[in-house]
Amino acid sequence: MPKSNTYEEFVDKFKPKKTTDDCYTPGAIYEVVKDWAIKEMDWGGRTIVRPFWPGGDFEKFDYPADCVVIDNPPFSIIAKVVKFYAEHNIDYFLFAPHLTCLGIRAAHSHICVGVSITYDNGAKVSTSFVASKGPLIRSAPDLYRILDEANAASIKAKKAPPLPVYTYPDNVLTSSAVALFSEYGIEYREDIGVFVRAMDAQRRAGKSIFGAGYIVPEEAARKAREAVRKAQKEKSQRWVLSMRELAALKAAEEAAKQ
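First, a word on what this report is: a plain description of the structure on this page. (Residues numbered from 1 in each chain as written. Predicted model: local features only at pLDDT ≥ 70, side-chain atom pairs only at ≥ 80, totals over all residues. Heavy atoms only, no water.)

### Here's the deal with the overall build of the protein
This is how the line gets drawn: Strands here are runs of E lasting at least two residues and helices are runs of H or I lasting at least four, both read from the DSSP assignment and numbered beginning at the N terminus. Buried, partly exposed and exposed residues are distinguished by accessible area as a fraction of the type maximum, computed with a 1.4 Å probe on protein chains only: under 20%, between the cut-offs, and over 50%, respectively. Working rule for contacts: check all heavy atoms of both residues, and any pair within 4.5 Å makes them a contact. The Shrake-Rupley method, run with a 1.4 Å probe sphere, supplies the accessible areas, and residue values consider only the shown protein chains as cover.
Helix and strand counts for the protein stand at 8 helices and 9 strands. Buried residues in the protein amount to 33% of all 258 residues. Here the contacts in the protein between residues at least 6 apart in sequence split such that 58% fall between residues at least 24 apart. As presented, the protein carries roughly 17,500 Å² of accessible surface, and 56% of it is formed by carbon and sulfur atoms.

### A look at the environment of Asp35
If you trace the backbone, Asp35 turns up in helix α2 (residues 27-41). Spatially, the C-alpha atoms of Asp35 and Ile70 are 10.0 Å apart, while their sequence positions differ by 35 residues.

### A short note on the state of the cysteines
Condition: Whenever a pair of cysteine sulfur atoms sits within 2.5 Å, that pair is classed as a disulfide.
Throughout the structure, instances matching the rule amount to 0 disulfides. Looking at the unpaired Cys101, the closest cysteine sulfur is the one in Cys112, lying at 4.4 Å. A relative accessible area of 0% means that Cys101 is categorised as buried.

### Re the sheet that holds strand β3 (residues 91-97)
Basically, it comes down to this: Two strands pair if DSSP finds at least two bridges between them. Working convention: axes come from line fits to C-alpha atoms, limited for helices to the stretch in contact. Angles between N-to-C directions cover 0 to 180 degrees.
With mixed pairing, 6 strands are arranged side by side in an open sheet as β1-β2-β3-β5-β4-β6. In this open sheet, the two strands that pair with only one neighbour each are β1 (48-49) and β6 (137-138). For strand β2 (residues 68-71) and β3, the ladder comprises 4 bridges, and the chain directions are parallel. The residue of β3 that forms the bridge with Asp71 is Leu94. Relative to the sheet, α2 contacts β1, β2, β3, β4 (109-118), β5 (124-131) and β6, its axis offset from that of β3 by approximately 135°.

### Quick look at the packing of aromatic side chains
For clarity, the threshold we go by: Any two of the Phe, Tyr and Trp rings considered here, Trp counted by its six-membered ring, make a pair once their centres fall within 6.5 Å; the pair's planes then place it as stacked at under 30 degrees, edge-to-face at over 60, or tilted in between. By definition here, charges over rings are those cases where NZ of Lys or CZ of Arg is within 6 Å of the ring centre and within 35 degrees of the ring normal.
One pass over the full model with this rule turns up 14 aromatic pairs. Ring centres 5.7 Å apart and planes at 85° place the aromatic pair Tyr63 and Tyr85 in the edge-to-face group. With Tyr63 in the loop between β1 and β2 and Tyr85 in helix α3 (residues 78-87), the pair connects residues that are 22 residues apart, well separated along the chain. Like Tyr63, the residue Tyr85 is buried in the burial classification. Across the ring face of Tyr30, the terminal group of Arg50 is positioned such that the distance to the ring centre comes to 3.7 Å.

### Some points on the layout of surface pockets
Definition in use: A pocket here means an open set of points on a 1 Å grid, computed over the protein atoms alone, that has protein on both sides within 12 Å along at least five of seven lines. A cavity is instead a set of points where a 1.4 Å probe fits but cannot get out; residues with an atom within 4 Å of a point line either one. Grid points are joined across faces, edges and corners, and a volume is the space filled by probe spheres set on the points. Throughout this entry, Asp, Glu, Lys and Arg are counted as charged residues, while Ala, Val, Leu, Ile, Met, Phe, Trp, Tyr, Cys and Pro are counted as nonpolar. The remaining residues, Gly among them, count as polar.
Put simply, the largest pocket is a space of about 580 Å³. In terms of lining residues, the largest pocket is bounded by 19 residues, among which Tyr166, Tyr168, Thr174, Ser176 and Ala177 are the most central. The set of elements that each furnish at least two residues to the lining of the largest pocket consists of α5 (175-183) and α7 (218-235). Among the elements that line the lining of the largest pocket, the one with the most residues is α5, at 5 residues. Split into classes, the residues belonging to the lining of the largest pocket amount to 11 nonpolar, 6 polar and 2 charged.

Next comes the structure, spelled out in structure tokens:
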């Protein structure tokens, strides 16, 4: 009998996939590639075009005379793209999948750098390039270096700043605080409370309680909080010194006195 799909497998079908055809290029990455290609290929003064965008049709794009395409095409059709440009005498410098770069036979030049680029959709793709001029196969140490540096800077710029850590009085409860009571088996019920989106001290600092909260009578809330702290402490693994280690410490202390 065929294996039945799990719920996770069913749900996974509807999740957006990170594919190389959705690799929208970070601006900083594109700029260093464009600048390098223009200088290396001696394309200064020529019109640079980018015909690839979601829903675009590169074959129907209005290419200006003597233009150069510097862009990141869908990798699944890159062989078709290169063949089209070769047939129409359009110069190009294109992002290409590194591992199969040399298999793009219609390309005039294959620039193998293999930098792992993190694209805007989060996909990490080892990337090289193909061009309409230059040697059949070449390395490009300077392109590798500046592209690797730009990629590292792009990743760093996209990292979200750490969320602030707030400590509240025991009787200011958020949903997360009450969820801890549930997690550690602590019964807590309360009908009296003052709804707050921000404590006065927070308002003065321009801050607020994420998701809002309640100020509740102190005693029951404090006991529930203390029960959580105790449970968390008991749950953590505590290492103790052995008799041998204690004896060794005592011997070291005695030796120091002599």
